[in-house]
Number of protein chains: 2
Amino acid sequence: MKVELICVGTELLLGSIVNTNAAYLAEKCAGLGLTCHFQTVVGDNEDRLAMVLQTAMGRSDIVILSGGLGPTEDDLTKETAAKVCGRTLVMHEESRERIRLFFADRGMEPTENNWKQAMLPEGAVVLENHNGTAPGMILETEQAKVILLPGPPGELTLMFEESVVPYLAALTSQVICSQTVKICGVGESKAEMMVKDLIDGQTNPTIATYAKTGEVHIRVTANAQDRKTALKLIKPMVKELKTRFGNHIYTTDEETTLEKSVVDLAMANKLTITCAESCTGGMLSARLINVAGISDIYKSGVITYSNKAKRRLLGVKKSTLQKHGAVSEKTAEEMAKGAAVMFKADVAVAITGIAGPDGGTEAKPVGLVYIACHVKGKVTVREYRFSGNRTKVRESAVSAALSLMRECILVYYSKVTFGKGES
Amino acid sequence: MKVELICVGTELLLGSIVNTNAAYLAEKCAGLGLTCHFQTVVGDNEDRLAMVLQTAMGRSDIVILSGGLGPTEDDLTKETAAKVCGRTLVMHEESRERIRLFFADRGMEPTENNWKQAMLPEGAVVLENHNGTAPGMILETEQAKVILLPGPPGELTLMFEESVVPYLAALTSQVICSQTVKICGVGESKAEMMVKDLIDGQTNPTIATYAKTGEVHIRVTANAQDRKTALKLIKPMVKELKTRFGNHIYTTDEETTLEKSVVDLAMANKLTITCAESCTGGMLSARLINVAGISDIYKSGVITYSNKAKRRLLGVKKSTLQKHGAVSEKTAEEMAKGAAVMFKADVAVAITGIAGPDGGTEAKPVGLVYIACHVKGKVTVREYRFSGNRTKVRESAVSAALSLMRECILVYYSKVTFGKGES
């Protein structure tokens, strides 16, 4: 079954934003076994959008549009799609009520524009928006199924997962199942080398690698007449990947993130955790606290950006800072030890590094980061050299810290081993 | 003059990579005053690529293709473009020599595939590749100028800057300029209402609104014979927006983010800042520390997720937590005051709220957040009710906190006023 993507937005045509929605939708559709031959970006313009939509409907079975469902004047995706599909807009009472409640909850009055969002094409399958006010919708025509999703990524992804995945799955007579094997602590090139023979020889299941910051995901996809048969095809391939990547696999569950796997591991071992961050400035804690229910094990953490803060809040020695500098193995070690003591945590992680763009030297270039993990008195410190801009270096450091936490807890409590030089 | 982008690559269709080339090219073309109505992504398939290219040449003056110039079998952009433009491939001696030298420099022998890269369509304008082996090219036909660039971003951007920019600049006589007015503390619908008459009456310049989390951006775009005239057209519209949105405008500079404007404001007033975060768990600090050079004013901050941490690290009273709860105006206030004292900061911001998915009650639902900003002894506390999932609530809280910091500093130091009920 063929799917095609149309992303609507002047800001995409102007290059003001990168089209992450297209990448997200494309990856999800591929995972569902849908073939995608075209992606188009078009502005908030009725004639051009109508033309692009007609072309897409003529050559694909499913057309997914994103963007242009907002309350403003230039949002006209819904109006245009309705016209192309020969539908009139009618007031959708449930959506109207949802908008009323949304604003009432906030003690606010909806404007005229907000009500516009409750006008939907007749006969549309309405997709609830649990992250905003604009509902999504599906228009089923003889030519194609036309799916309209809101542009903000947080709204689009939630709606896709909740409503579009089940809809698309029901359309295909073949069942497509996939399982993602998520790996940390192994570089992208190395991971690809390690599965090259599997990729070259693939038929059903197929496997594909996806590089994420500090992680590699390998998706195994099989299609079959029913779910049971598809899962049976997937199983031996996942087993083979487990043999090859061993403890570097942190999950085979779609929903589990790296931070969630670390939090689960700490909870299973009844360990409290804390973070002391310099260059990442709170990003590691923020990612951990993204895991709901973490309050049982994460009580407090600090951002010690200045040397003085490192000394005062974590007890890093003045002599250490003078002799080795703030970005050093020794400082990272003392930060982690200090955090463990100060915040009475079983696991304490410290990050110190040079995120750039300034502050680099020949001996200590931008991208140099030290991460220390303290588990019950035992400290492991690693040196990393990340590339990219300030944001990229900081994001890489956070992923590496999560990976290191996981490794240290596993080594300490489960006595497992990790391959050398793979981290 | 109209330009259109075609990005070629199966990895884009599968969502394995995000299309940063399209964003880069789109932004550059907009800056050169070229109008872009369409971007297309297509795979390494001759028929579909030929179809897309023909469509593009029929409606645009310039077509820029990226990707598919490599040495492998499935790279066929050059072959397809040559066919569509009616050209045969001939050996380009200079490119052949460059490839020979490229490999000789590295002590390697080119393979048969590498020589393929020196076969170019007859009459093509050749663009040298200083970051790789595949040359780019321009095919000038009666219908359109067709520009072929390599896919790897490092090769594409260098070639674009060096060779394509001068080529395009020589082609265009019209110039397009735009300026973005960035607003915080005003909702999207309200902002849209406030400029509805301007949007309805727009011709040149045009204006468009873009909703971001906790922010609204309004882009004013004008086209004219030269840059000076275009800027002259933009100026009165930006002035009008300044009159309407007043101090809610935090910048009219393309590069400045909300966090950067807050950091700049603090620096200008020689103020040190700190953050005490509960539900946001470090996100606010992380966003502030994303601003390079912040070390002059941000020394340390804390994440106080548990009640005990709020008491121990910030001196929040036990009685306050018992009487009002951790998510309350009073707790937020004491957190901010405590942080200001503990970390000797001029400006201290505290966030406490219920991010969900659990922990909400009828009286204190998920999404309820209190933010306190302490400026030199004066505390302002606001109550917010955000919607969406855990991540959305936390992101909204961080944007609101930045907005509040900015407002409090401005009110205290610049004695400015803000419209009521707009925050």
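Whatever comes next refers back to the structure up there.
Keep in mind that what you see is a predicted model, and the values were worked out from it rather than measured.

A. Up close: the overall build of chain A. Helix and strand content of chain A: 15 helices and 17 strands. For chain A, buried positions account for 55% of its 423 residues. Restricting to contacts in chain A with at least 6 residues of sequence separation, those with at least 24 account for 68%. Accessible area of chain A: about 17600 Å², with a carbon and sulfur share of 51%. Between the centroid of the 50 positive side chains of chain A and the centroid of its 48 negative side chains there is a distance of 12 Å.

B. How the structure looks around the sheet that holds strand β10 (residues 206-212) of chain B. Residue and element names in this part refer to chain B. Pairing in this open sheet of four strands is antiparallel, and the strands run β10-β11-β9-β12 from one edge to the other. The open sheet is flanked by β10 and β12 (249-251), the only strands paired with a single partner. Between one strand axis and the next, the sheet turns by 30 degrees as a mean value, whatever way the strands run. Taken together, the seven bridges between β10 and strand β11 (residues 215-224) define a ladder with antiparallel strand orientation. Directly across from A208, in β11, lies its bridge partner R219. Packed onto the sheet, helix α10 (residues 227-245) meets β9 (175-184), β10, β11 and β12 and runs at close to 150 degrees relative to β11.

C. Region of interest: the sheet that holds strand β6 (residues 125-127) of chain B. Pairing within the open sheet is mixed, and its twelve strands lie in the order β6(A)-β7(A)-β8(A)-β3(A)-β1(A)-β2(A)-β2(B)-β1(B)-β3(B)-β8(B)-β7(B)-β6(B). Only two strands of the sheet have a single partner each, and these edge strands are β6 (125-127) of chain A together with β6 of chain B. This sheet shows a mean twist of 15 degrees between the axes of neighbouring strands, independent of strand direction. Of the pairings in the sheet, the one linking strand β1 (residues 2-8) of chain B to strand β2 (residues 35-42) of chain B comprises six bridges and is parallel in character. Residue pairing in the sheet places L5 of chain B in a bridge with Q39 of chain B of β2 of chain B. Contacts from helix α2 (residues 20-31) of chain B reach β1, β2, β3 (62-66) and β8 (145-149) of chain B within the one sheet, and its direction differs from that of β1 of chain B by about 165 degrees.

D. Local environment of unusual backbone geometry. Between N204 of chain B and P205 of chain B the backbone carries a cis peptide bond, its omega angle lying at 15 degrees. Backbone torsion omega between G356 of chain B and P357 of chain B reads 0 degrees, so that peptide bond is classified as cis. Mapped onto the elements of the fold, P357 of chain B is located in the loop between β15 (347-353) and β16 (368-375). Positive phi values are uncommon outside glycine, yet K415 of chain A reaches one of about 55 degrees.

E. Layout of the environment of E11 of chain B. Residue and element names in this part refer to chain B. You can see E11 is positioned in helix α1 (residues 10-13). Once the C-alpha coordinates of E11 and S60 are considered, the two residues, 49 residues apart in sequence, prove to be 26 Å apart. Residues in contact with E11, not counting those within four places in the same chain, are S16 and I17.

F. Inspection of the nonpolar core at higher detail. Judged by nonpolar contacts, the single largest core of 89 residues is most densely connected at L288 of chain A together with L288 of chain B. Residues within four places of L288 of chain B in sequence aside, it is in contact with E259, V262, V263, I273, C275, I294, L402 and M405 of chain B.

G. Representation of the interface of chain B and chain A. Between chain B and chain A, the contact holds 75 residues from the first and 73 residues from the second. Remark: the boundary between chain B and chain A carries zero salt bridges. Put simply, chain B and chain A have 32 residue pairs in polar contact (both at pLDDT 80 or more) between them. Broken down by element, the side of chain B that touches chain A gets its largest block of residues, seven residues, from β2 of chain B. Across the side of chain B that touches chain A, the residue classes break down as 34 nonpolar, 25 polar and 16 charged. In this sheet, β2 of chain B lies alongside strand β2 (residues 35-42) of chain A in antiparallel orientation, the contact comprising five bridges. Within the sheet, the bridge partner assigned to V42 of chain A lies in β2 of chain B and is F38 of chain B.

H. Local environment of the packing of helix α10 (residues 258-268) of chain A against helix α15 (residues 390-414) of chain A. Residues and elements named next belong to chain A. Their axes nearest at 10 Å, the elements α10 and α15 cross at an angle of 30 degrees. By the angle between their directions, the pair α10 and α15 is classed as roughly parallel. The handedness of the crossing between α10 and α15 comes out as left-handed. Contact residues: L258, E259, S261, V262, L265 and A266 in α10; S399, L402, S403, M405, R406, I409 and L410 in α15. Residues that form the contact of α10 with α15 fall into these classes: eight nonpolar, three polar and two charged.

I. Representation of helix α13 (residues 307-314) of chain B in the model. By the burial criterion, the buried members of α13 of chain B are A309, K310, L313 and L314 of chain B. In an axial view of α13 of chain B, the angular spread of the buried residues amounts to 105 degrees, which keeps them on one side of the axis. Lining the buried residues of α13 of chain B we find β14 (300-304) of chain A together with β13 (273-277), β14 (300-304), α14 (318-324), α15 (329-342) and β15 of chain B.

J. Local environment of the side chain of E277 of chain B. Residues and elements named next belong to chain B. Here E277 is to be found in strand β13. For the buried E277, which has no salt bridge, the nearest side chain bearing the opposite charge is R394, at an N-O separation of 7.0 Å. Reaching out from E277, the side chain makes a polar contact with the backbone nitrogen of G282 at a distance of 3.2 Å. Beyond its immediate stretch of four places on either side in the chain, E277 contacts G282, M283, L284, S285, V302, I303, T304, M335 and I351.

K. Here's a closer look at the packing of aromatic side chains. On inspection of all chains with the given rule, the structure shows ten aromatic pairs over all chains. Pairing Y24 of chain A with F160 of chain A gives two aromatic rings, centres 5.8 Å apart and planes at 80 degrees, and the pair type is edge-to-face. A residue pair is termed long-range when its members are at least 10 positions apart, and Y24 of chain A in helix α2 (residues 20-31) and F160 of chain A in helix α7 (residues 153-171) qualify at 136 residues. With respect to burial, Y24 of chain A and F160 of chain A carry one shared label: buried. On the basis of an interplanar angle of 55 degrees and a centroid distance of 4.8 Å, the ring pair of Y412 of chain B and Y413 of chain B is categorised as tilted. Taking the ring centre of W115 of chain B as reference, the NZ or CZ of R96 of chain B above it sits at 4.6 Å. When the ring centre of Y412 of chain B is taken as reference, the NZ or CZ atom of K415 of chain B above it lies at 5.5 Å.

Parameters at a glance
Residues numbered from 1 in each chain as written. Chains lettered and ligands numbered in written order. Predicted model: local features only at pLDDT ≥ 70, side-chain atom pairs only at ≥ 80, totals over all residues. Heavy atoms only, no water. Helix = DSSP H or I, 4+ residues; strand = E, 2+ residues; numbered from the N terminus. Buried < 20%, exposed > 50% of the residue type's maximum accessible area, 1.4 Å probe, protein only. Contact = heavy atoms within 4.5 Å. Areas by Shrake-Rupley, 256 points an atom, 1.4 Å probe, with all protein chains shown as cover. Lys, Arg positive; Asp, Glu negative; His and termini not counted. Charge placed at Lys NZ, Arg CZ, Asp CG, Glu CD. Pairing = 2+ DSSP bridges. Axes fitted to C-alpha atoms, helices over the stretch in contact; angles between N-to-C directions. Core = buried A, V, L, I, M, F, W, Y, C linked by side-chain atoms within 4.5 Å. Salt bridge = Lys/Arg side-chain N within 4 Å of Asp/Glu carboxyl O. Polar contact = N/O pair within 3.5 Å; in protein donor to acceptor, adjacent residues only side chain to side chain. Nonpolar A, V, L, I, M, F, W, Y, C, P; charged D, E, K, R; others polar. Parallel < 35°, antiparallel > 145°, perpendicular 65-115°, else oblique. Left-handed = near helix turned anticlockwise from the far one by under 90°. Arc of directions from axis to C-beta. Phe/Tyr/Trp six-rings, centres within 6.5 Å; stacked < 30°, edge-to-face > 60°. Lys NZ or Arg CZ within 6 Å of the ring centre and 35° of its normal.

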